[in-house]
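Listed here are the chains, written in short residue letters.
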Amino acid sequence: MFKDVLQRLNLHEKDPLQIHGYQSYGTHEHIYLLGRALEDEGVNLEKTGFVNAFKNAYRQFRSDELSHAKIKVKLPDNRVLYAVTDEEGYFKVDEKLANLKDLTNEEGWLQLELAYDDENQKRLVTNDNRFAAQMLIPSDKAEYGVISDIDDTMLKTGVTSLLKWRVILNTLFKGVGKRTPFTGAADFYKKLHLGKSGNASNPMFYVSNSPWNLYYYLEAFIKNNSFPKGAILLRDFRTPFDRTPKPEKPHKQHEIRNILKTYPDLQFVLIGDSGEHDADIYIEIAEEYPERIKAIYLRSVTHEKRAFRVRGLLEKFEVTPALLVKDSTAAEDHAREQGLII
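The text that follows walks through the structure, step by step, so that each part is easy to find. If you're wondering where the values come from, they're calculated on a predicted model, not measured in any experiment.

1. Some remarks on the pattern of salt bridges
Any two side chains of opposite charge can pair if their charged atoms end up close together.
Logical step 1: Inspection of every chain in the model, using the stated rule, returns 16 salt bridges.
Logical step 2: The partner of lysine 101 in a salt bridge is aspartate 140, and the shortest N-O contact between them spans 3.0 Å. With lysine 101 in the loop between β6 (90-96) and β7 (109-116) and aspartate 140 in the loop between β8 (131-136) and β9 (145-148), the pair connects residues that are 39 residues apart, well separated along the chain.
Logical step 3: Ionic pairing is found between arginine 257 and glutamate 284, a salt bridge with its closest N-O pair at 2.7 Å. Of the two residues, arginine 257 is situated in helix α6 (residues 251-262) and glutamate 284 in helix α7 (residues 278-288); the sequence distance between them amounts to 27 residues.

2. Quick notes on the side chain of histidine 193
Logical step 1: With respect to the helices and strands, the residue histidine 193 is situated in helix α4 (residues 185-194).
Logical step 2: In terms of polar contacts, histidine 193 uses its side chain to reach the backbone carbonyl oxygen of asparagine 202, at 2.7 Å.
Logical step 3: Residues within four places of histidine 193 in sequence aside, it is in contact with Glu107, Ala200, Ser201, Asn202, Met204 and Pro228.

3. What about the packing of α6 against α7?
Logical step 1: Orientation of α6 relative to α7, taken along the N-to-C sense of each, is 35°, at an axis distance of 10 Å. The handedness of the crossing between α6 and α7 is right-handed. Where α6 approaches α7, its residues Lys252, Gln253, Ile256, Arg257 and Leu260 are matched on the opposing element by Asp278, Ile281, Tyr282, Glu284, Ile285 and Glu288.
Logical step 2: Classifying every residue of the contact of α6 with α7 gives five nonpolar, one polar and five charged.

4. As for the sheet that holds β6
Logical step 1: Across the sheet, which stays open at both edges, the three strands sit in the order β1-β3-β6 with antiparallel pairing between neighbours. Only two strands of the sheet have a single neighbouring strand rather than two, namely β1 (17-21) and β6. The mean angle between the axes of side-by-side strands here comes to 25°, regardless of whether they run parallel or antiparallel.
Logical step 2: Bridge analysis of β1 against strand β3 (residues 30-39) gives five bridges, and the strand direction is antiparallel. Bridge pairing in β3 links glycine 21 to glycine 35.

5. Quick look at the pairing of β1
The side chains of a regular strand alternate, first on one face of the sheet and then on the other.
Logical step 1: Along β1, five of the five residues are buried, which leaves the element largely enclosed by surrounding structure.
Logical step 2: Burial along β1 is two-sided: the face carrying Leu17, Ile19 and Gly21 and the face carrying Gln18 and His20 are both buried.

6. Section: the nonpolar core
Logical step 1: Formed by 35 residues in total, the largest nonpolar core has its most connected members in Tyr206, Phe227 and Tyr297.
Logical step 2: If you list the elements that add at least two residues to this core, you get α4, β10 (204-211), α5 (215-224), β11 (231-235), β12 (268-273), β13 (293-299) and α9 (328-337).
Logical step 3: Excluding residues within four positions of it along the chain, phenylalanine 227 makes contact with Met154, Pro181, Ala185, Ala186, Tyr189, Tyr206, Phe221 and Ile222.

7. Some remarks on the packing of α4 against α9
Packed helices, taken two at a time, are described by the angle between their axes plus the distance between the axes.
Logical step 1: Viewed as axis vectors pointing N to C, α4 and α9 meet at an angle of 15°, and their least axial separation amounts to 9 Å. Between α4 and α9, the interaxial angle falls into the category roughly parallel. When the axes of α4 and α9 are compared, the crossing they make is left-handed. On the side of α4, the interface is formed by Ala185, Asp187, Phe188 and Lys191, while α9 contributes Ser328, Ala331, Glu332, Ala335 and Arg336.
Logical step 2: When the residues that make up the contact of α4 with α9 are grouped by side-chain class, the tally is four nonpolar, one polar and four charged.

8. Considerations on the packing of aromatic side chains
In this description, an aromatic ring pair is defined by two values, namely the gap between the centres and the angle between the planes.
Logical step 1: Scanning all chains against the criterion turns up 13 aromatic pairs.
Logical step 2: Through a chain of ring-to-ring contacts, the aromatic side chains of Tyr25, Tyr32, Phe205, Tyr263 and Phe268 assemble into a single cluster.
Logical step 3: Taking the ring centre of tryptophan 109 as reference, the NZ or CZ of lysine 229 above it sits at 4.6 Å.
Logical step 4: In this structure, arginine 299 packs its charged tip against the face of phenylalanine 182, placed 4.3 Å from the ring centre.

Criteria and thresholds
- Residues numbered from 1 in each chain as written.
- Predicted model: local features only at pLDDT ≥ 70, side-chain atom pairs only at ≥ 80, totals over all residues.
- Heavy atoms only, no water.
- Salt bridge = Lys/Arg side-chain N within 4 Å of Asp/Glu carboxyl O.
- Helix = DSSP H or I, 4+ residues; strand = E, 2+ residues; numbered from the N terminus.
- Polar contact = N/O pair within 3.5 Å; in protein donor to acceptor, adjacent residues only side chain to side chain.
- Contact = heavy atoms within 4.5 Å.
- Axes fitted to C-alpha atoms, helices over the stretch in contact; angles between N-to-C directions.
- Left-handed = near helix turned anticlockwise from the far one by under 90°.
- Nonpolar A, V, L, I, M, F, W, Y, C, P; charged D, E, K, R; others polar.
- Pairing = 2+ DSSP bridges.
- Buried < 20%, exposed > 50% of the residue type's maximum accessible area, 1.4 Å probe, protein only.
- Core = buried A, V, L, I, M, F, W, Y, C linked by side-chain atoms within 4.5 Å.
- Parallel < 35°, antiparallel > 145°, perpendicular 65-115°, else oblique.
- Phe/Tyr/Trp six-rings, centres within 6.5 Å; stacked < 30°, edge-to-face > 60°.
- Lys NZ or Arg CZ within 6 Å of the ring centre and 35° of its normal.

Here is the structure:
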């Protein structure tokens, strides 16, 4: 807020502008794209070391967004759509549009170009006002989809630690190159992506309660550790002083239901952990869509009381195969028995 006041008084030099385009998902007749317009705070995830990690974390959370900005979205066939950012700088394109499948690559990704379109935009814009965004349209070869949590499922975060202090320390003081995936997780996800046929291109969806501020951090983690590329679905950052109404349904339930509704003919594998509420969420989803969930895998975190509770839930659950596993090998063996992977 203080920075905004200085800028209005022309006492603070404004940073150049950028656009974040998030990896989203849609269909061959429906484009759904999310992004955010904000100032370039100089985040550089390639810089290593304790000090640079702290600077990057600070800059990601001190983001200065651009509200009421007009955004132009250009498709590979030169069709153009427009969106306007909200008070927090977010924009959404949610429209019916024909023949999108013809524009995707072999993995089903539609490449889009974003730009500011404000006629009176006087600000300096980075990257020659050209920014990339991508939308996933599942391949016709897809056998099923995979929806996975990130924290303590793929990425060691310490989400169950007291007051989540390990999450805070890891986010603030560890660069993305220093973050550790669980042993064998990336290989298991790659096998799920390829499916039983070995070339299925099964769509991947990464759903996390992490805020959008960490989008590029998590995208880099997924890429650097060779997890299959997928749509990344995070949430808006809420401070303790945020008085805006909370969503009627928690973030993960909302996103998973949207995915299932978008692809009514596709079944899914759900992957999470025993640390927080993944078991409750996945059981609720599977009971609501009993024919749509092929399997549930929950990684057992080092918190015995929570793991004990999840084991009790799964013992009573009979809708679909659901396992609490200590490592990726156990999940992989079961997936192979179920005919999900080679």
